[in-house]
Amino acid sequence: MERWQVIAVIIFIYLGITLAIGLMAGRKQSKSVTGYVAGDRDFGLLVMYFVTGASVFSAFAFLGGPGWAYSRGAAAFYILSYGAVGMFPWYWIGPKTAQVGRRFGYVTQAQLLAGRFPSRAVPLLVALITIVASVPYITLQMRGAGIVIEAVTEGHIPLAWGAALAYGIVIWYVLRSGVMAVGWTNTFQGIFMLVIAWTLGLYLPFRLYGGIGPMFDQIMASRPELLSAPGLTSSGEPWNWAGYSSAVLVSLIGMQMWPHLFMKAFTARDDRIIRRTVILFPTFQLFLIPVFLIGFAGVLFPSAPADADFILPFLVLKTDLPVLVVGLFCAGALSASMSTGDTIIHSSASVLVEDGLAPFLEMDDHTARRMMRGLVLVIGAVAYWFALDDGTSLVALLLGAYGMISQFAPSVLAALYWKRATTPGMLAGLFVGTVTAMFFVLNPEANLWGVHEGILGLAVHIPTLIVVSLMTSPQDATHVAGFLRPKTANRSAD
Amino acid sequence: MPPSVRFVAWAFFLLNLGAVVWPGLTYFNRVEPMILGLPFIMVWLAGWVVTSIGVLVWIEHRLHGLTSGPTSRPPSGGENT
């Protein structure tokens, strides 16, 4: 058997195991919307830990992380900086979100927002932003999977087939088992990612430079600019502190606002599990260290890949590793892609039905669940269609995704913590914030200091939210109490 | 939440944030001394990630106790703002 065939067999075995786990996961789940979207609110600590870790760290971290370290040096450190500090407030916000969810029966972010701020525009706006931000993200994950498979099979399985194969399996298990499949496959894939990243990250510097210290000594001697923050831009120019710092800031504000992560608060069995997931999350985060080491290992390598994002598969193929290691690496990269792709496909289909359609159409639980499954297929197909394109048309949307998603943060915080917030204030803030962020994505030349568009959006969003709220009449106190104090407020008042 | 926990939580959050962006990071933006072969700046950033585990464990201990069962409730009586 040829080398690429052995690798292909390893990939098939990995995909087979993932599929089996995904299909078996849903057997005990109830046939309700709460079952499909929130796993009957019964996720334990092990699953929550890996769902959170594996969803946050996607193909971007596994392929893009080494790519950034390789081509942009210390700029990549921003990815290491935002995770733990961004998760920290979730120790309080997460359990509170879960309490509100249990009290009112919410399974999505928009239901919570529309609950506190009653208006039909709220779920529509949230569903729209979610879809516009999610589809490019899914496309990126699909391309990541296709790129890896194409690279390690030496082109025998082209990008289009590789992406179709990996995501055919994702869609199969998401259709069958909903969020339970996402939970259990992410547990498997998360363990895989951690093991592969640490193994390769420690192995490659030793193999190529005789150790981690000697590797950095050599980089320091010939490319010192790579080891000094804020590193370089994608075109190799020095990056500025405004760009670096605002990237950290927008990421830490935005990360928990992604619907696929936010909605996991509704899946936890109890508050304690959310708190402990937050406590343990930094241990997952540290896997970025070997990921960066892999990228730095490529810096002084005699030849270079065509695209920086290929540095990991490139090094793996060029360093003459045992075929088993290459196969396992490939499975690790697929894990990273699929564990993020599955949860975003699932959450965006859920959001479209629960928030985009349910408020406007009469539908029972059974119909809603069926429509979610239909939309899983539709969203998968749309993202795949974009993935076959070379992706250029998506670049603007992709850049804008984090900027738009971070606009949910003031709305959510106001819903849970600010009694004076009003529906017009929340809607006006979310609208102008999103429009501002999109404007600067589409007109980068207007952005004079290189500050992240999301931060510029928030700079307009937050004052608007506050001013419009204060100018409109306050909400009823008992209504507000249900959200600010979900455990103790008087239930009969709702 | 007891005032001491609230203070530690806010202080840690702001310190952590300040330490990983401009201007805080500019004081620790160097390669030497290397630790375990890693440039100092990487160790600095990773150190904050590790420290956050310790701080959160302490907060969990103060608010809920580390050995309590899943049904335990905060001793303060459930006020969570």
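Structure shown above.
Calculation rules
Residues numbered from 1 in each chain as written. Chains lettered and ligands numbered in written order. Predicted model: local features only at pLDDT ≥ 70, side-chain atom pairs only at ≥ 80, totals over all residues. Heavy atoms only, no water. Helix = DSSP H or I, 4+ residues; strand = E, 2+ residues; numbered from the N terminus. Buried < 20%, exposed > 50% of the residue type's maximum accessible area, 1.4 Å probe, protein only. Contact = heavy atoms within 4.5 Å. Areas by Shrake-Rupley, 256 points an atom, 1.4 Å probe, with all protein chains shown as cover. Rg over C-alpha atoms; globule rule 2.2 N^0.38 Å. Lys, Arg positive; Asp, Glu negative; His and termini not counted. Charge placed at Lys NZ, Arg CZ, Asp CG, Glu CD. Phe/Tyr/Trp six-rings, centres within 6.5 Å; stacked < 30°, edge-to-face > 60°. Lys NZ or Arg CZ within 6 Å of the ring centre and 35° of its normal. Polar contact = N/O pair within 3.5 Å; in protein donor to acceptor, adjacent residues only side chain to side chain. Buried area = accessible area lost by both parts, 1.4 Å probe. Salt bridge = Lys/Arg side-chain N within 4 Å of Asp/Glu carboxyl O. Core = buried A, V, L, I, M, F, W, Y, C linked by side-chain atoms within 4.5 Å. Axes fitted to C-alpha atoms, helices over the stretch in contact; angles between N-to-C directions. Parallel < 35°, antiparallel > 145°, perpendicular 65-115°, else oblique. Left-handed = near helix turned anticlockwise from the far one by under 90°. Nonpolar A, V, L, I, M, F, W, Y, C, P; charged D, E, K, R; others polar.

### Some points on the overall build of chain B
Here is step 1 of the chain: Counting its secondary structure elements, chain B contains two helices and zero strands.
Here is step 2 of the chain: For chain B, with 81 residues in total, the buried portion stands at 44%.
Here is step 3 of the chain: Expressed as a percentage of contacts within chain B between residues at least 6 apart in sequence, the contacts between residues at least 24 apart total 50%.
Here is step 4 of the chain: Just so you have it, chain B exposes about 4,300 Å², and 73% of that area is on carbon and sulfur atoms.

### Section: the overall build of chain A
Here is step 1 of the chain: Helices and strands together make up the secondary structure of chain A, namely 22 helices and zero strands.
Here is step 2 of the chain: Against the compact-globule benchmark of 23 Å for 494 residues, chain A has a radius of gyration of 22 Å, which places it among compact chains.
Here is step 3 of the chain: Principal-axis analysis of the C-alpha atoms places the extent of chain A at approximately 70 × 50 × 40 Å.
Here is step 4 of the chain: Per-residue burial over chain A gives 64% buried out of 494 residues.
Here is step 5 of the chain: Residue pairs at least 24 apart in sequence account for 84% of intrachain contacts in chain A once pairs closer than 6 positions are excluded.
Here is step 6 of the chain: Accessible surface computed for chain A: about 17,100 Å², of which carbon and sulfur atoms make up 67%.
Here is step 7 of the chain: Here chain A contributes 29 positive and 25 negative side-chain charges, whose respective centroids are spaced 13 Å apart.

### Concerning helix 22 (residues 477-484) of chain A
Here is step 1 of the chain: Residues of helix 22 of chain A that are buried: V480, A481, G482, F483 and L484 of chain A.
Here is step 2 of the chain: Elements in contact with the buried residues of helix 22 of chain A: helix 6 (90-104), helix 7 (109-116) and helix 19 (408-417) of chain A.

### Quick look at the packing of aromatic side chains
Aromatic ring pairs: the centre-centre distance and the angle between the two ring planes describe each pair.
Here is step 1 of the chain: All chains considered together, the criterion is met by 32 aromatic pairs over all chains.
Here is step 2 of the chain: Among the aromatic residues, those joined into a ring-pair cluster are F88, Y91 and W92 of chain A together with W10, F12, F13, F28, W44 and W48 of chain B.
Here is step 3 of the chain: A cation over a ring is seen here: R72 of chain A above W239 of chain A, with NZ or CZ 4.8 Å from the ring centre.

### Overview of the side chain of T267 of chain A
All names here are of chain A.
Here is step 1 of the chain: Relative to the assigned elements, T267 resides in the loop between helix 12 (259-262) and helix 13 (271-285).
Here is step 2 of the chain: Here K264 takes part through its backbone oxygen, which lies 2.6 Å from a polar atom of the side chain of T267.
Here is step 3 of the chain: Beyond its immediate chain neighbours, meaning those up to four positions away, T267 contacts V37, A38, R41, D42, F43, M48 and V179.

### Thoughts on the interface of chain B and chain A
Here is step 1 of the chain: If you look at the interface, chain B gives 45 residues, while chain A gives 43 residues.
Here is step 2 of the chain: Of the roughly 3,700 Å² buried between chain B and chain A on both sides combined, carbon and sulfur atoms contribute 72%.
Here is step 3 of the chain: Between the two partners, chain B and chain A, sit two salt bridges.
Here is step 4 of the chain: A salt bridge links E60 of chain B to R276 of chain A, with the shortest nitrogen-to-oxygen separation between them at 3.3 Å.

### Some remarks on the nonpolar core
Residues and elements named next belong to chain A.
Here is step 1 of the chain: Ranked by internal contacts, the top residues of the largest apolar core, which has 195 residues, are F216, F287, F292, F296 and F329.
Here is step 2 of the chain: With 21 residues, the top contributor of residues to this core is helix 9 (residues 159-209).
Here is step 3 of the chain: Residue contacts for F287: discarding those within four places in its chain leaves F57, F62, M193, L194, A197 and W198.

### A closer look at the packing of helix 7 of chain A against helix 19 of chain A
Residue and element names in this part refer to chain A.
Here is step 1 of the chain: Running from N to C, helix 7 and helix 19 cross one another at 55°; their axes reach a closest spacing of 10 Å. The angle between helix 7 and helix 19 falls in the class oblique. Helix-helix and strand crossings are classified by hand; for helix 7 and helix 19 the assignment is left-handed. Here Q109, L112, L113 and R116 of helix 7 come into contact with helix 19, specifically with F408, S411, V412, A414, A415 and L416.
Here is step 2 of the chain: Partitioned by chemical class, the residues of the contact of helix 7 with helix 19 number seven nonpolar, two polar and one charged.

### Observations regarding the pattern of salt bridges
Here is step 1 of the chain: Following the criterion strictly, the structure yields five salt bridges over all chains and no others.
Here is step 2 of the chain: Across the pair R223 of chain A and E225 of chain A runs a salt bridge whose closest N-O atoms are separated by 2.8 Å.
Here is step 3 of the chain: Residue E60 of chain B pairs with R275 of chain A through a salt bridge whose shortest N-O separation is 2.8 Å. With one member in each of two chains, E60 of chain B in helix 2 (residues 40-63) and R275 of chain A in helix 13 form a pair that bridges those chains. Neither E60 of chain B nor R275 of chain A differs from the other in exposure class; each is buried.
Here is step 4 of the chain: A single salt-bridge network, built from bridges that share partners, covers R275 and R276 of chain A together with E60 of chain B.

### Digging into the packing of helix 16 (residues 323-357) of chain A against helix 17 (residues 365-388) of chain A
Angle between the axes and distance between the axes: these two values describe a pair of packed helices.
All names here are of chain A.
Here is step 1 of the chain: Between helix 16 and helix 17, whose axes approach to 8 Å, the crossing angle comes to 130°. With respect to their mutual orientation, helix 16 and helix 17 come out oblique. Considering only the axes of helix 16 and helix 17, their crossing is right-handed. For the pair helix 16 and helix 17, contact is made by I345, S348, A349, S350, L352, V353, E354 and L357 and by A368, M371, M372, L375, V376 and I379, respectively.
Here is step 2 of the chain: The class makeup of the residues in the contact of helix 16 with helix 17 is eleven nonpolar, two polar and one charged.

By themselves these figures say nothing about function.
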